[in-house]
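This is what each chain is made of:
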Amino acid sequence: MPLKKRVEYYFRVALGIGGMTKVLADFLKNKDTLLTEKEKVIGAASAFWLPFALMHKGG
């Protein structure tokens, strides 16, 4: 489905790094993977939050 317009959305976070959080942050930032960091984050957010967004919208 082609996008009709763009929506600017920025998210920046500073995490205390250690343990599993470091493993996750390293994976998300790794440039040697099939997906970009943005694609990984948007895909994960969509998988989890899209059903809630649709319920909130009434769809």
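Placed above this text is the structure.
Note that this is a predicted model, so its numbers are computed, not measured.

Caption draft 1: Inspection of the packing of aromatic side chains at higher detail. The full count for this structure, using the stated rule, is three aromatic pairs. Residues Phe48 and Trp49 carry aromatic rings whose centres are separated by 4.7 Å and whose planes lie at 80 degrees to one another, so their mutual orientation is edge-to-face. Looking at Trp49, the relative accessible area reads 52%, which means it is exposed. Arranged with centres 5.7 Å apart and planes meeting at 40 degrees, the rings of Phe48 and Phe52 form a pair that is tilted.

Caption draft 2: Spatial organisation of the environment of Leu24. Note on placement: Leu24 falls in helix H1 (residues 19-29). Separated by 33 residues in sequence, Leu24 and Lys57 have C-alpha atoms that sit 31 Å apart.

Caption draft 3: The arrangement of the side chain of Lys40 in detail. Relative to the elements of secondary structure, Lys40 occurs in helix H2 (residues 37-57). Buried within the structure, Lys40 lacks any salt-bridge partner; its nearest side chain of opposite charge belongs to Glu37, at an N-O separation of 7.6 Å. Side chain to side chain, Lys40 and Thr33 meet in a polar contact 2.8 Å long. If sequence neighbours within four positions are ignored, Lys40 has contacts with Phe27, Leu28, Asn30, Thr33 and Leu35.

Caption draft 4: Expanded view of the environment of Lys31. Relative to the elements of secondary structure, Lys31 occurs in the loop between H1 and H2. Taking the C-alpha atoms as reference points, Lys31 and Gly19, separated by twelve residues in sequence, lie 21 Å from one another.

Definitions and limits used
Residues numbered from 1 in each chain as written. Predicted model: local features only at pLDDT ≥ 70, side-chain atom pairs only at ≥ 80, totals over all residues. Heavy atoms only, no water. Phe/Tyr/Trp six-rings, centres within 6.5 Å; stacked < 30°, edge-to-face > 60°. Buried < 20%, exposed > 50% of the residue type's maximum accessible area, 1.4 Å probe, protein only. Helix = DSSP H or I, 4+ residues; strand = E, 2+ residues; numbered from the N terminus. Lys, Arg positive; Asp, Glu negative; His and termini not counted. Salt bridge = Lys/Arg side-chain N within 4 Å of Asp/Glu carboxyl O. Polar contact = N/O pair within 3.5 Å; in protein donor to acceptor, adjacent residues only side chain to side chain. Contact = heavy atoms within 4.5 Å.

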